[in-house]
Amino acid sequence: MILGVVLAGGASSRMGVDKATVEIEGRSMLDRVATSLESVVDRVVVSGRSEIAGLAGLPDPEPGRAGPLAGLAAALAEAHAMGAEAVMLVAVDQPFVRPETLSRLIDRFGGAAVVPVADAIRQVTCAVYPADWHRDAMAELTAGGSIQSLLDQMPVVEVLPDEWEAWGEDGRSWFSIDDAAALDIALGRFGSGLE
């Protein structure tokens, strides 16, 4: 069983409005990401907030500790509690994420995290994480770490460009829409529709 998690706890300060509600061709970024996840996982929740758009919410685990690792820690704890083996994490500001890419990442899961690498950077907000990392993630959060620092200590399968390009992936799945300019770039590069 795989838990799909939309990472949506940020303040959206660069966008100026809640990223989850920003619409592209009439569909919110949250809807686009959730729809892609729903096609490949058993359940989808939203981390970093309460229920939204009919999806259950997962609050961050510690008051005052926010950021992607907080969302991941909450997701891993939820996945462990429900008996899921892993979390498929996707940030809400990655609305061009391809279901096929998510499916391929899940297929590579064998107990270690599965993380695409683009431009020599691990794309930590479009990745699969083992549910049994829940204690390690919480410890790293308490220590003030990040998802990257957690990965530095744990087993990771890095999916390199030659592999993900063979899936038909072109980087759209982890392209982050942080502001209006990034949205314009994405629309010019990837078009407006989901596959």
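Before going into details, it helps to say that this report is about the structure given with it. Please read all numbers here as calculations on a predicted model, not as lab measurements.

A few points about the side chain of Arg49
Within the secondary structure, Arg49 sits in the loop between β4 (43-47) and β5 (57-58). A distance of 2.9 Å separates a polar atom in the side chain of Arg49 from the backbone oxygen of Ala8. For Arg49, the residues in contact, after removing those within four places along its chain, are Ala8, Asp18, Ala20, Gly57, Leu58 and Pro59.

Digging into the side chain of Glu169
Note on placement: Glu169 falls in the loop between α6 (161-166) and α7 (180-190). A polar contact is formed between the side chain of Glu169 and the backbone nitrogen of Gly171, at a distance of 2.8 Å. In this structure the side chain of Glu169 is engaged in a polar contact, spanning 2.9 Å, whose partner is the backbone nitrogen of Arg172. Excluding residues within four positions of it along the chain, Glu169 makes contact with Arg98, Thr101, Trp164 and Trp174.

Some points on the packing of aromatic side chains
All told, the structure shown has 4 aromatic pairs when counted by the stated rule. Considering the side-chain rings of Phe96 and Phe190, the 5.9 Å spacing of their centres and the 45 degrees angle between planes classify their relative orientation as tilted. Placement of Phe96 in the loop between β6 (86-91) and α3 (99-107) and of Phe190 in helix α7 is noted, with a sequence separation of 94 residues between them. Assigned by exposure class, Phe96 and Phe190 land together as buried.

Parameters and conventions
Residues numbered from 1 in each chain as written. Predicted model: local features only at pLDDT ≥ 70, side-chain atom pairs only at ≥ 80, totals over all residues. Heavy atoms only, no water. Helix = DSSP H or I, 4+ residues; strand = E, 2+ residues; numbered from the N terminus. Polar contact = N/O pair within 3.5 Å; in protein donor to acceptor, adjacent residues only side chain to side chain. Contact = heavy atoms within 4.5 Å. Phe/Tyr/Trp six-rings, centres within 6.5 Å; stacked < 30°, edge-to-face > 60°. Buried < 20%, exposed > 50% of the residue type's maximum accessible area, 1.4 Å probe, protein only.

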